[in-house]
Amino acid sequence: MTDTPGIPADLTWVRAAPEGEEGPGPWIEIAFGPDELVYLRETGDPTNIVTTTRTKWVAFTKGVMAGEFDHFAELGGEAPATG
């Protein structure tokens, strides 16, 4: 990976892919860095990295486990209607 300014070079990326899946994805990769930061990127665009805090990441994962985002899965990848 090319160095991205402001992103630690020694992050350990974990791929969030379905069990047993091979290949490039596209999947999300997650890395936990210093200063309680969490980094997210897509396998197809590894230099485009989003950063959040560990506190927000924990809140998000708890919401996923509680089903708070199921309505997005039901849309089948379509953007939700607005207005």
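Since this is a predicted model, take the numbers as computed values, not measurements. (Residues numbered from 1 in each chain as written. Predicted model: local features only at pLDDT ≥ 70, side-chain atom pairs only at ≥ 80, totals over all residues. Heavy atoms only, no water.)

(A) Layout of the pairing of strand β2 (residues 28–32). Here strand β1 (residues 14–16) pairs with β2 via three bridges, running antiparallel. Along β2, the bridge assignment pairs Arg15 with Glu29. Pairing geometry for β2 and strand β3 (residues 37–42), over five bridges, is antiparallel. Paired with Glu29 across the strands is Arg41, a residue of β3. Taking the residues between adjacent antiparallel strands as the criterion, β2 and β3 are bridged by four residues, where Asp35 takes a positive phi near 60 degrees. (Pairing = 2+ DSSP bridges. Helix = DSSP H or I, 4+ residues; strand = E, 2+ residues; numbered from the N terminus.)

(B) Representation of the pattern of salt bridges within the structure. Counted according to the given criterion, the structure contains three salt bridges. In this structure, the salt-bridge partner of Arg15 is Glu29, at a minimum N-O distance of 3.3 Å. Of this pair, Arg15 sits in strand β1 while Glu29 sits in strand β2; the two residues are 14 residues apart in sequence, bridging distant segments of the chain. Members of the salt-bridge network, linked through shared partners, are Arg15, Glu29 and Arg41. (Salt bridge = Lys/Arg side-chain N within 4 Å of Asp/Glu carboxyl O.)

(C) Spotlight on the sheet that holds β2. The strand order across the open sheet formed by four strands is β1-β2-β3-β4, and the pairing between neighbours is antiparallel. Either end of the sheet is taken by a strand with one partner, and the two such strands are β1 and β4 (45–53). Averaged over all pairs of adjacent strands, the angle between strand axes in this sheet comes to 30 degrees, irrespective of strand direction. In this structure, β3 lies alongside β4, joined through six bridges in antiparallel fashion. Across the sheet, the residue bridging to Arg41 is Ile49, located in β4. (Axes fitted to C-alpha atoms, helices over the stretch in contact; angles between N-to-C directions.)

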